[in-house]
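One letter stands for each residue in the lines below.
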Amino acid sequence: MDGPDDVSLKIATLQAIGYICETIKPEILSMRSNEILTAVIHGAREEEPSVDVQLPAINALYISLEFVRDNFKREGERNYIMQVVCEATQNLSVPVQVGAFECLVRIMSLYYDKMVFYMERALFELTVLGMKHPEESISLQAVEFWSTAAEYGEAPETESKNFAKIALPEIIPVLLGLLTRQDEDADEDEWNVSMVAATCLALLAQTVPEAIVPAAAVKTFGSIPDGPDPTVLTPLVTQALPILVDMTRDENLHVKDTVAWTLGRICDLLVVTLKPDEHLHPLISALVNALEDKPRIDANCCWAFMNLSDQLNSFYKEEGATSSSVPLSSYYKGIVTALLRVTDGTDNESNFRTFAYEALASYVTYAGPESITLLGIDDRNNWNELQSNLCSDLISVVYMLCNGIEPLADQIMTVLLGLTRSSKTSAVLEDAFLIAGTMAATLEVKLPPYIQAFLPFLYPALKAHQDTQLCTVAIGIIGDISRDWRAERAIPILSCFGDTALAIDSGFEPYLDHTMDVKLVDARKENEWRCREQREREHAAAANQLSSFYEEEGATLSSGLFALYL
């Protein structure tokens, strides 16, 4: 039955097995469970080329789950069954996906005590993705899975595995979103995804009453700001903020996580409703204290700090305020110190250290000199070292991704401009310029939109003759930009001139004599013969580049001049 001509026979056979499983008592069928299970699993496998075969196989598997208890007791067979079902939830066919989620719901109800391993490895992620699926039939079954997990976890005869309690932070936002997925023309008695989500929330409230009610209420409040006029919400924020600040000390982690997220939403969308004298101190104190909690809560707190800095500074600067007059400036040292402690972690669970770095970047961008001086010399050195290390990492990423970095170019160059604007340390500026050079070499002709914004920062570096390294790096960037991004990088000044000549074509001819005179003087000043030999070789290569260019363009160059130079 493996040939392409046997598809119809496979379908008919699997449908017949399904009918048999549906009509004959399970205790009778259990004696032939191995044969039945082999047939339906073979048809439901990911390797089965025909969706028309997979669908009746999944349906037959759903019916047969009740009498394959002996098979589920054996770990190897159970693992294979779960693998096939989980793979089927990602099938391209919607009916097969629905059937697979139906199987998971039934498996949860029949074999709840054996699901710990699979929840950790796959079921949690698969069902959350299923709830978010745009196809309502799939979303409905994925929600039903969590209703079943909550219901059977509270059954007296079952030892609770706390599946629902552990998953609350992820599933509550999704369920609340599903409540809004309603069709105005739908029948009131229709069992739609909104009703299923409401039922699931009710079951979760019974299972985890100490967390679901406050967490759901806070999550609902946090979902409101994106829409109404902030002036309308100002009284609500004024009333709710003290309560939310107190809830950051709640004993339940799910509640604290949701509160931190909601505070971040307020800082992002409703910062104009905050009264600095009344709200900033308790809000910042609560977020700083919450930073010493679980990684997920830390991530949301760092996100809230970043939003607070971005939005509050932008709002006050639009009003003409200076960096020192922004109300947040007096809290700078405490916030930065707290964020630096977060970055000292060894892992990056929930991306909490990434959010801490982003928050730090925001505070440095908007901080004035009087705020920067609040940091001790060790703090500033650590901060500069951190920035340099991150720049080095970014250069490596750009090299590795090559053209793949283009979707992130806007974000990278925006951050880079902010870094060059705020940094007063030449080492950090060098690293920032090196990133710009790397981006120039990678993006090639797609770089020009960023050049005008970046050039004002290059001019001071080119004039910084006392800082040789910074000046040299700046020269190299000019070469990278000017060479039409074809030639190999050139650090020496003459190579930079050669790149510029290639970029502007015959427009470089008026500057040729002056350029060559400068290089002749430079070469004659070289006293050490080893250094002179190396430099002359480099100059000769650059001169040949200029000569070749002008020969191609039909221009005539002074042979005497080149004779002297070479």
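Residues numbered from 1 in each chain as written. Predicted model: local features only at pLDDT ≥ 70, side-chain atom pairs only at ≥ 80, totals over all residues. Heavy atoms only, no water.

A. Geometry of the packing of helix H17 (residues 332-343) against helix H18 (residues 352-366). Running from amino to carboxyl end, H17 crosses H18 at an angle of 150 degrees, the nearest separation of the two axes being 9 Å. By the angle between their axes, H17 is roughly antiparallel relative to H18. Once H17 is placed against H18, the crossing between them reads as left-handed. Judged by residue contacts, Tyr332, Ile335, Val336, Leu339, Leu340, Val342 and Thr343 of H17 engage Phe352, Arg353, Ala356, Tyr357, Ala359, Leu360, Tyr363 and Val364 from H18. When its residues are assigned to classes, the contact of H17 with H18 shows 13 nonpolar, 1 polar and 1 charged. (Axes fitted to C-alpha atoms, helices over the stretch in contact; angles between N-to-C directions. Helix = DSSP H or I, 4+ residues; strand = E, 2+ residues; numbered from the N terminus. Parallel < 35°, antiparallel > 145°, perpendicular 65-115°, else oblique. Left-handed = near helix turned anticlockwise from the far one by under 90°. Contact = heavy atoms within 4.5 Å. Nonpolar A, V, L, I, M, F, W, Y, C, P; charged D, E, K, R; others polar.)

B. A look at the packing of aromatic side chains. Applying the stated criterion to the full structure yields 7 aromatic pairs. Ring geometry for Phe145 versus Trp146: centroids 5.5 Å apart, planes at 90 degrees, classification edge-to-face. In textbook terms, an aromatic cluster arises when at least three aromatic residues are bridged by ring pairs, as seen for Phe124, Phe145 and Trp146. Over the ring of Tyr62 we find Arg106; its NZ or CZ atom is 5.3 Å from the centre of that ring. (Phe/Tyr/Trp six-rings, centres within 6.5 Å; stacked < 30°, edge-to-face > 60°. Lys NZ or Arg CZ within 6 Å of the ring centre and 35° of its normal.)

C. Region of the structure containing the packing of helix H7 (residues 94-110) against helix H8 (residues 116-131). Put simply, H7 and H8 touch, their axes get as near as 12 Å, and they point 130 degrees apart. By the criterion of interaxial angle, the relationship of H7 to H8 is oblique. Crossing geometry of H7 relative to H8 is assigned as left-handed. Taking contact as the criterion, the partners of Phe101, Leu104 and Met108 in H7 are, on H8, Met119, Leu123, Leu126, Thr127 and Gly130. Residue composition of the contact of H7 with H8, by class: 6 nonpolar, 2 polar and no charged.

D. Structural view of a nonpolar patch on the surface. A cluster of nonpolar side chains, contributed by Ile20, Ile24, Ile28 and Met31, occupies part of the molecular surface with about 380 Å² of accessible area. The residue Ile28 is located in helix H2 (residues 26-29) in this model. (Patch = residues over 30% accessible without salt bridge, like charges linked within 9 Å, V, L, I, M, F, W, Y side chains within 5 Å. Areas by Shrake-Rupley, 256 points an atom, 1.4 Å probe, with all protein chains shown as cover. Salt bridge = Lys/Arg side-chain N within 4 Å of Asp/Glu carboxyl O.)

E. Expanded view of the confidence of the model for the protein chain. Mean pLDDT over the protein chain: 79, with 79% of residues reaching 70 or higher. The lowest-confidence element of the protein chain is helix H28 (residues 559-565), averaging 35 in pLDDT; the highest-confidence one is H7, averaging 96. Segment residues 484-491 is flagged for pLDDT under 50; beyond a separation of four residues in sequence, or across chains, it makes 23 contacts in the model. Throughout residues 521-533 the model reports pLDDT below 50, and contacts reaching past four residues in sequence, or to other chains, amount to 7 contacts. (pLDDT = per-residue confidence, 0-100.)

F. Structural context of the side chain of Thr273. Looking at the element boundaries, Thr273 is found in the loop between helix H14 (253-269) and helix H15 (276-290). Taking relative accessible area as the criterion, Thr273 reaches 2% and is therefore assigned buried. A polar contact is formed between the side chain of Thr273 and the backbone oxygen of Leu270, at a distance of 2.6 Å. In contact with Thr273, other than residues within four places in its own chain, are Pro230, Thr234, Val237 and His279. (Buried < 20%, exposed > 50% of the residue type's maximum accessible area, 1.4 Å probe, protein only. Polar contact = N/O pair within 3.5 Å; in protein donor to acceptor, adjacent residues only side chain to side chain.)

G. Quick peek at the nonpolar core. Formed by 124 residues in total, the largest nonpolar core has its most connected members in Met115, Met131, Trp146, Phe305 and Leu308. Beyond its immediate sequence surroundings of up to four residues, Met131 is in contact with Ser139, Ala142, Val143, Trp146, Ile171, Val174, Leu175, Leu178 and Arg181. Ile395, Ile412, Met413 and Leu429 belong to the second largest nonpolar core, which has 32 residues in total. (Core = buried A, V, L, I, M, F, W, Y, C linked by side-chain atoms within 4.5 Å.)

H. Fine view of the pattern of salt bridges. Using the criterion set out here, one finds 11 salt bridges in the structure. Of the charged contacts in the structure, one is a salt bridge between Lys114 and Asp113, with a shortest N-O distance of 3.6 Å. You can call Lys114 partly exposed: its relative accessible area is 24%. With a closest N to O distance of 2.5 Å, Lys256 and Asp293 form a salt bridge. You can see Lys256 sitting in helix H14 and its partner Asp293 sitting in the loop between H15 and helix H16 (295-318), a full 37 residues away along the chain. The buried category is assigned to Lys256, whose relative accessible area is 13%. Judged by its relative accessible area of 25%, Asp293 is partly exposed. Through salt bridges with shared partners, a single ionic network connects Glu170, Asp257 and Arg296.

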